[in-house]
Amino acid sequence: MAEKIVAEQKTQDIPMPEPRRSVAFIGSECYPFVKTGGLGDVMYALPKALIAQNCDVKVILPRYRCIPQKFQDKMIYRGEFWMDLFADGRRFYVGIMEYVWDGVVYDFIDNEEFFSSGNPYTNLVDDMPKYSFFSKAALAALNYMNWIPDIIHCHDWQAALVPIYLRTQFAGTPIAGAKTILTIHNLRFQGIYWLPTVQYWTGLPGEVFTIDVMKQSYADANMLKGGLAYADMITTVSETYAGEIQTPFYGDGLDSHLRHHAWKLRGIVNGIDCRQWDSSSDEKLPAVYDCSNVIEKKKENKLALQRALGLREDENLFVIGLISRLTDQKGLDLVNSILPAVIDGNTQVVVLGTGDVQYENAFRYYEDAYRGSVCSCIMYDEARAHMIYGGSDALLVPSLFEPCGLTQLIAMHYGTVPVVRETGGLKDTVQPYNQFTNEGNGFTFDRYEAGLLLDAINRAKTLYFTERGRWDEMVRRDMEKDVSWDQSAERYRQLYLELKP
Ligand code: ADP
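Now for a quick tour of the structure. Source: prediction; values computed, not measured.

Moving on, we come to the sheet that holds strand 5 (residues 104–110). Across the sheet, which stays open at both edges, the nine strands sit in the order 3-4-5-2-1-6-7-10-11 with mixed pairing between neighbours. Across the chains shown, the open sheet's two edge strands, defined by having one partner strand only, are strand 3 (76–84) and strand 11 (265–267). For this sheet, the mean angle separating the axes of adjacent strands, direction not counted, is 25°. Where strand 6 (residues 151–155) lies against strand 7 (residues 179–184), five bridges are found, and the strand directions are parallel. Along strand 7, the bridge assignment pairs His 153 with Ile 181. Helix 5 (residues 127–145) rests against strand 1 (21–26), strand 2 (55–62), strand 3, strand 4 (91–101), strand 5 and strand 6 of the sheet, and its axis sits at about 115° to strand 3. Contacting strand 1, strand 2, strand 6, strand 7, strand 10 (233–236) and strand 11, helix 19 (residues 486–499) crosses the sheet at an angle of about 145° to strand 7.

For the rest of this paragraph, the subject is the packing of helix 12 (residues 332–342) against helix 13 (residues 357–369). Running from N to C, helix 12 and helix 13 cross one another at 15°; their axes reach a closest spacing of 11 Å. Considered as vectors, helix 12 and helix 13 are oriented roughly parallel to each other. Of the two elements, helix 12 crosses helix 13, and the hand of that crossing is left-handed. When helix 12 is examined against helix 13, the residues Leu 332, Asp 333, Val 335, Asn 336, Leu 339 and Pro 340 are found in contact with a partner set consisting of Tyr 359, Ala 362, Phe 363 and Tyr 366.

On to the site of the ligand. Of all residues adjacent to the ligand, which total 20 residues, the nearest are Gly 38, Asp 41, Arg 325, Lys 330 and Tyr 389. Here an oxygen atom of the ligand sits 2.8 Å away from a polar atom, N or O, in the side chain of Tyr 389. Compared with its free state, where it exposes 570 Å², the ligand has 93% of that area covered by protein. Counting residues per element, the ones that place at least two in the shell around the ligand are helix 2 (38–51), helix 14 (382–391) and helix 15 (407–413). Class assignment of the residues belonging to the shell around the ligand gives a composition of eight nonpolar, six polar and six charged.

Parameters at a glance
- Residues numbered from 1 in each chain as written.
- Predicted model: local features only at pLDDT ≥ 70, side-chain atom pairs only at ≥ 80, totals over all residues.
- Heavy atoms only, no water.
- Pairing = 2+ DSSP bridges.
- Helix = DSSP H or I, 4+ residues; strand = E, 2+ residues; numbered from the N terminus.
- Axes fitted to C-alpha atoms, helices over the stretch in contact; angles between N-to-C directions.
- Contact = heavy atoms within 4.5 Å.
- Parallel < 35°, antiparallel > 145°, perpendicular 65-115°, else oblique.
- Left-handed = near helix turned anticlockwise from the far one by under 90°.
- Near = heavy atom within 4 Å.
- Polar contact = N/O pair within 3.5 Å; in protein donor to acceptor, adjacent residues only side chain to side chain.
- Areas by Shrake-Rupley, 256 points an atom, 1.4 Å probe, with all protein chains shown as cover.
- Nonpolar A, V, L, I, M, F, W, Y, C, P; charged D, E, K, R; others polar.

The values reported here are purely geometric and, on their own, carry no functional implication.
Listed below in structure tokens is the structure:
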């Protein structure tokens, strides 16, 4: 009897092999091919993290002309077919170009007519037929390649029509058995266009143009709204943001729709790719470092940054970085109103970003007014971003709203202390410094007020200038914090298993 119990226990100890899940990622950007923001980073890093966790992943992207030639040259022709799209029945060419890199298969949907403009997004009505075409062509390409995934993981409004096409025009085709997840990376962008235009260009049946699916108002249709209704599961990129978007302030007009679908809404925080962002081997850093020598080496990086940007060279100054799209979302009106109070002879500010002209001009003005203390790099430059993460003491992220935010994660991983507003993913990933217990990863403030941002910066400066030992401990703590994709990729994998047991 005792032997039998032992034998039973032994069989229980042997881990059951978990079923392998196949996932098709469909989205409009992916580093290093094309990236305008955090979506590009996630489309690059999450598939890699999922492959490490025994998933099969294919990433489907538009073949934009702006993808660097070195990648275009490596793409292999996988096939072509013609597909109808619009209500007039006109047929369009769909080419499939494939590129396999680091275990991930990237399939690029080729069509000159839609993807030949310089920037992926024009913010004009052209984007609507472009991403309708892309969403439908991605599903048709999966059928064409006979690669039928368990899960189709769609990202943002550009791929939001995928769940709708799947359950309407693709019902009864091989791909129809797949389950869909729609991830919201930023609810601000929804793909809202004039209703008759969307009806015409998508060719979708009348049943999806109702108020509980795509119809937004008398005049408009909302592509994201429709996708949220049809997706089997909705995720967004932090737990706090998943709650926030169900409120009128953060819901961008979709809060009641999201509350209605709250039963299938989850928040899973993003991570960063720790191979792409590795301060111990980063070729873009003047001096590489790890946790053991960060304090010394960061000074070298700071001096190199100051030299490169024409700032006063002094390792004792407090250098604050800001790497951001320059838009209303990012809290730049707060930064603009307090910048003169931040520049005190001991502090320097380095800005890297492009965006709305009023912010670009305001930062140009400050560079001019505080020459040697402020540098405004109005550009998109990956290499410079690495130098700023490596050479700054603190990084500002005072966003009005922030679904997850990657810059604070990269900053912590590079030993740069974040100063953030407590919203969305910033709240979930930066633990506020507690001066009594000497715990925490950064400095935070809650209400969207310039005075509170200034107070948070001043608390950071006070610790830096008066208790450097404690500051240095926080720098090391930040570097040791797990900001990788491992845990979040595991949560996505569990979600895939839940959808397809
Ligand atoms: P969002 O997606 O809202 O733009 P995130 O914080 O999620 O913001 O992601 C921003 C990403 O883009 C980070 O990898 C950041 O380093 C990068 N980035 C933003 N602006 C620039 C810039 N001007 N030059 C280089 N990288 C930038």
